[in-house]
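Next come the chains, spelled out residue by residue.
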Amino acid sequence: MGCDGGTIPKRHELVKGPKKVEKVDKNAELAAKWKYCALSQEKLRRPIVACELGRLYNKDAVIEYLLDKSAERPNVEIAAHIRGIKDVKELNLTDNPAWEGDRRNAKGDCYEDMHRAMFICPVVGLEMNGKHKFCYLQTCGCVFSERALREVKTEICHKCGDPFRDEDIVVLNGSKEEQEQLQKTMEERRAKAKAGKVRLPQFITCISPSSESTSTPVNGGGSSSGDSAPGPSGSSKTVKPVAAVGSKRSIQNMEGKSEAYKSIFTTHSSAKRSKDQISNWVTHTPYHF
């Protein structure tokens, strides 16, 4: 068990205290969000897209994910809300003239500024490095700092001139509370879009000889009392249910049509074959020697 041969243990070797909480390097955390793709963990390169939650991706990484969602990736769950390429927006970014990339420090013999960013705000010139809050517009994809949108109040884009509303502004790499709010907004927007695709019942107008019209639903529903509405001459007129658009026609529903007209449909007797007219196919495989 040790402590032999005259070894004198110290207190910190015998008594283990609480483990120290490992602190995440803030510079490394900012670089991971603003310089690397959230899905592939590769360096961001044009074209760059952003989702409705404000995360940054390489466009080719998103396309590869959508083509094969079964492939193993490090952060698949981070893109689970992306259903198609329409769920992301390609960003219109402004290059930083002071950005030299990896060319300046290729030898590793000079100081490298970790806060130097590839892109800047086109209005106030702030660098997009995580120290300042940035947003993008879902209408055009242009990226600005929050300070520019707050100080210069306008309803058109500062860069391209397209109109936008406050709900079109999405915060890039926001805090946990901001991402929860963006998640809620995204779900409400998708639910509203899904509800708008529900087809409403159509109405067909039946015009009487006296130019009086009565609207009846497609499913054949009549008046609430169930009686037929009286016509202008005192006689009652019953409105027959109208079949929904796209339903199959049948010969039985073609009263008053000529035989020549009925014969163009497959349900007509002339289109049906007798047993003698049905031929049996016989296949033969020849062998050549």
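Look up a bit, the structure's there.
Rules used throughout
Residues numbered from 1 in each chain as written. Predicted model: local features only at pLDDT ≥ 70, side-chain atom pairs only at ≥ 80, totals over all residues. Heavy atoms only, no water. Helix = DSSP H or I, 4+ residues; strand = E, 2+ residues; numbered from the N terminus. Buried < 20%, exposed > 50% of the residue type's maximum accessible area, 1.4 Å probe, protein only. Contact = heavy atoms within 4.5 Å. Phe/Tyr/Trp six-rings, centres within 6.5 Å; stacked < 30°, edge-to-face > 60°. Pairing = 2+ DSSP bridges. Axes fitted to C-alpha atoms, helices over the stretch in contact; angles between N-to-C directions. Arc of directions from axis to C-beta. Core = buried A, V, L, I, M, F, W, Y, C linked by side-chain atoms within 4.5 Å. Salt bridge = Lys/Arg side-chain N within 4 Å of Asp/Glu carboxyl O.

Take the environment of Leu149 next. Looking at the element boundaries, Leu149 is found in helix α4 (residues 146–151). For Leu149, a relative accessible area of 15% corresponds to the buried category. Sequence separation between Leu149 and Val123 is 26 residues, and the spatial gap between their C-alpha atoms is 9.0 Å. Ignoring anything within four residues of it in the chain, the contact list for Leu149 reads Cys135, Phe144, His158 and Ile169.

With that out of the way, let us pick up the packing of aromatic side chains. One pass over the structure, following the stated rule, counts 1 aromatic pair. Seen from their ring centres, Trp34 and Phe134 are 6.5 Å apart, and the 65 degrees between their planes marks the pair as edge-to-face. Here the residue Trp34 occupies a position in helix α2 (residues 26–34), and Phe134 occupies one in strand β6 (residues 134–137), the gap between them amounting to 100 residues. Both residues of the pair, Trp34 and Phe134, count as buried.

Moving on, we get to the sheet that holds β6. A sheet is described by the order of its strands in space; here 3 strands give the open sequence β7-β6-β8, paired in antiparallel fashion. Two strands in the sheet have a free side with no partner beyond their single neighbour: β7 (143–145) and β8 (169–171). The average undirected angle you get between the axes of adjacent strands in this sheet is 35 degrees. Bridge analysis of β6 against β8 gives 3 bridges, and the strand direction is antiparallel. Bridged to Leu137 within β8 is Ile169.

This part covers helix α3 (residues 59–67). An α-helix turns once every 3.6 residues. As a result, residues three or four positions apart point the same way. Of all the positions in α3, only Ala61, Val62 and Tyr65 are classed as buried. Buried residues of α3 fall within an arc of 100 degrees about the axis and therefore sit on the same side. On its buried side, α3 packs onto β1 (48–51), β2 (56–58) and β3 (88–90).

Our focus in this paragraph is the nonpolar core. Judged by nonpolar contacts, the single largest core of 42 residues is most densely connected at Tyr57, Leu91, Met128, Phe134, Val143 and Leu172. For this core, the secondary structure elements donating two or more residues are β1, β2, α3, β6, β7, α4, β8 and α5 (176–196). Beyond its immediate chain neighbours, meaning those up to four positions away, Met128 contacts Trp34, Leu93, Ala117, Phe119, Ile120, Phe134, Val143 and Leu172.

So, on to the pairing of β1. A two-sided burial pattern is seen for β1, the buried positions comprising Ile48 and Ala50 on one face and Val49 and Cys51 on the other. Alignment of β1 against β2, held across 3 bridges, turns out to be antiparallel. Its bridge partner being in β2, Val49 is matched across the sheet by Tyr57. Between the end of β1 and the start of β2, which pair antiparallel, lie 4 residues, with Gly54 showing a positive phi angle near 90 degrees. Looking at chain direction, β1 and β3 are connected through 3 bridges and run antiparallel. Pairing of Cys51 across the sheet is with Val88, part of β3.

What follows covers the pattern of salt bridges. Opposite charge on two side chains permits pairing when their charged atoms draw close. Per the stated rule, a full pass over the model turns up 12 salt bridges. Here Arg46 and Asp95 are joined by a salt bridge, their closest N and O atoms 2.6 Å apart. Placement of the pair is Arg46 in the loop between α2 and β1 and Asp95 in strand β4 (residues 94–95), with a sequence separation of 49 residues. Look at Arg46 and you get partly exposed, because its relative accessible area is 44%. With a closest N to O distance of 3.2 Å, Glu90 and Lys59 form a salt bridge. Of this pair, Glu90 sits in strand β3 while Lys59 sits in helix α3, and the two are 31 residues apart along the sequence. Put simply, Glu52, Arg83, Asp87, Arg189 and Arg190 are held in one network by salt bridges that share partners.

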